[in-house]
Amino acid sequence: MYERMLNKQETPTFDDLIRYSGESGSLWLRLDANLQQLGATREIRFPYGKDYGWSAKYSVKKKHICDIFAENGAFTALFQVSAKAIETVYDELDDYAKQVWADNSPCSTGGWISFQVQTESQMENLEKIILAKIAIR
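Residues numbered from 1 in each chain as written. Predicted model: local features only at pLDDT ≥ 70, side-chain atom pairs only at ≥ 80, totals over all residues. Heavy atoms only, no water.

With respect to the packing of aromatic side chains
Pairs of aromatic rings are described using the distance from one ring centre to the other and the angle between the two planes. Rules: A pair of aromatic rings is counted whenever rings of Phe, Tyr or Trp (Trp by its six-membered ring) have centres within 6.5 Å, and the orientation is called stacked for planes under 30 degrees apart, edge-to-face for over 60 and tilted otherwise. Helix numbers and strand numbers start at the N terminus; a helix is a DSSP run of H or I with at least 4 residues, a strand a run of E with at least 2. In this scheme, a residue with accessible area under 20% of its type's maximum is buried, one over 50% is exposed, and one in between is partly exposed, where area comes from a 1.4 Å probe on protein chains only. Placement of a positive charge over a ring is assigned whenever Lys NZ or Arg CZ falls within 6 Å of the ring centre and within 35 degrees of the normal to the ring plane.
Following the criterion strictly, the structure yields seven aromatic pairs and no others. Arranged with centres 5.7 Å apart and planes meeting at 90°, the rings of F14 and W28 form a pair that is edge-to-face. Residue F14 is located in helix α1 (residues 14-20), and its partner W28 is located in helix α2 (residues 25-37); the two are separated by 14 residues in the primary sequence. On the basis of relative accessibility, which here comes to 11%, the residue F14 falls in the buried class. A ring pair is formed by Y48 and F69, whose centres lie 6.2 Å apart and whose planes are at 45°; its orientation type is tilted. Of this pair, Y48 sits in the loop between β1 (41-45) and β2 (55-60) while F69 sits in strand β3 (residues 63-71), and the two are 21 residues apart along the sequence. Ring pairs connect the aromatic residues F14, W28 and F75, which therefore count as one cluster. Across from the ring centre of F69, 4.5 Å away, lies the NZ or CZ of R4, which sits over that ring.

Re the packing of α2 against helix α5 (residues 120-136)
Short version of the rule: The angle between two axes is taken between their N-to-C directions and runs from 0 to 180 degrees, where each axis is a line fitted to C-alpha atoms and a helix contributes only its stretch in contact. Here is the rule for angles: anything less than 35 degrees is roughly parallel, anything more than 145 is roughly antiparallel, 65 through 115 is roughly perpendicular, and the remaining ranges are oblique. Crossings are classed by handedness, with left-handed meaning an anticlockwise turn of the near helix from the far one by less than a right angle and right-handed meaning a clockwise turn. The contact rule is simple, with two residues in contact once any of their heavy atoms fall within 4.5 Å. For this classification, the nonpolar set comprises Ala, Val, Leu, Ile, Met, Phe, Trp, Tyr, Cys and Pro, the charged set comprises Asp, Glu, Lys and Arg, and every other residue, Gly included, is treated as polar.
With their axes 11 Å apart at the nearest point, α2 and α5 run at an angle of 20° to one another. By the angle between their directions, the pair α2 and α5 is classed as roughly parallel. Helix-helix and strand crossings are classified by hand; for α2 and α5 the assignment is right-handed. Here α2 contributes L27, R30, L31, N34 and L35 to the contact with α5, which in turn contributes E120, M123, E124, L126, E127, I130 and I134. Residue composition of the contact of α2 with α5, by class: seven nonpolar, one polar and four charged.

Overview of the pairing of β2
Convention followed: Strand pairing requires that DSSP identify at least two bridges connecting the strands.
Counting buried positions along β2 yields five of six residues, so the element is predominantly enclosed. Bridge count between β2 and β3: six bridges; the pairing is antiparallel. When the sheet's bridge partners are listed, K57 is paired in β3 with D67. Connecting the antiparallel pair β2 and β3 is a turn made up of two residues, with K61 showing a positive phi of about 50°.

Considerations on the nonpolar core
Here is the rule we go by: Here the nonpolar core consists of buried residues drawn from Ala, Val, Leu, Ile, Met, Phe, Trp, Tyr and Cys, with membership extended through side-chain atoms lying within 4.5 Å.
Membership of the largest hydrophobic core comes to 38 residues, with the highest contact counts inside it found for W28, Y58, F79, L126, I129 and I130. For this core, the leading source of residues is α5, giving six residues. Not counting the four nearest positions on each side in its chain, Y58 is found in contact with F14, W28, D32, L35, A40, T41, R42, K63, H64, I65, C66 and I68.

Describing the pattern of salt bridges
Between side chains of opposite charge, a pair can form when the charged atoms approach closely. Heads up, the rule is: Salt bridges are counted wherever a side-chain nitrogen of Lys or Arg sits within 4 Å of a carboxyl oxygen of Asp or Glu.
Inspection of every chain in the model, using the stated rule, returns seven salt bridges. Residues E71 and R4 are paired through a salt bridge, measuring 3.0 Å at the closest nitrogen-oxygen approach. One end of the pair, E71, is in strand β3; the other, R4, is in the segment before α1, and 67 residues separate them in sequence. We classify E71 as buried; its relative accessible area is 0%. Notably, a salt bridge pairs D32 with R42, separated by 2.8 Å at the nearest N-O pair. Residue D32 is located in helix α2, and its partner R42 is located in strand β1; the two are separated by 10 residues in the primary sequence. Using a relative accessible area of 7% as the deciding quantity, one classes D32 as buried. Among the residues examined, R42 registers a relative accessible area of 34% and is labelled partly exposed.

Below is the structure:
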């Protein structure tokens, strides 16, 4: 995991989160635009305790989609996804995305995944999973 923004006393702006993510920030901006096109709202928050840091929470009609954490040179999406949603895209995923799913923290009928993005390929796989999650809910 790359270094996250952990100072709870200084609330960053969305632009601060993007800048902190370095070159991966442009990929996050694309995901942000795509999620907003689907009706998602974005909220800057400091969830889950001191080791997670600042994130942008995305929701559609009050339904949590994901939290995206700014990391120095990358970003990580943390979210719950059902096995049913993964099944719809599994064959389209690359080895990295399949390993992220294999390493999930089981929960209910799926699991929590932590998906770090640094490359275009990782971004494409993350988008597939998130779109499947939204479609299945």
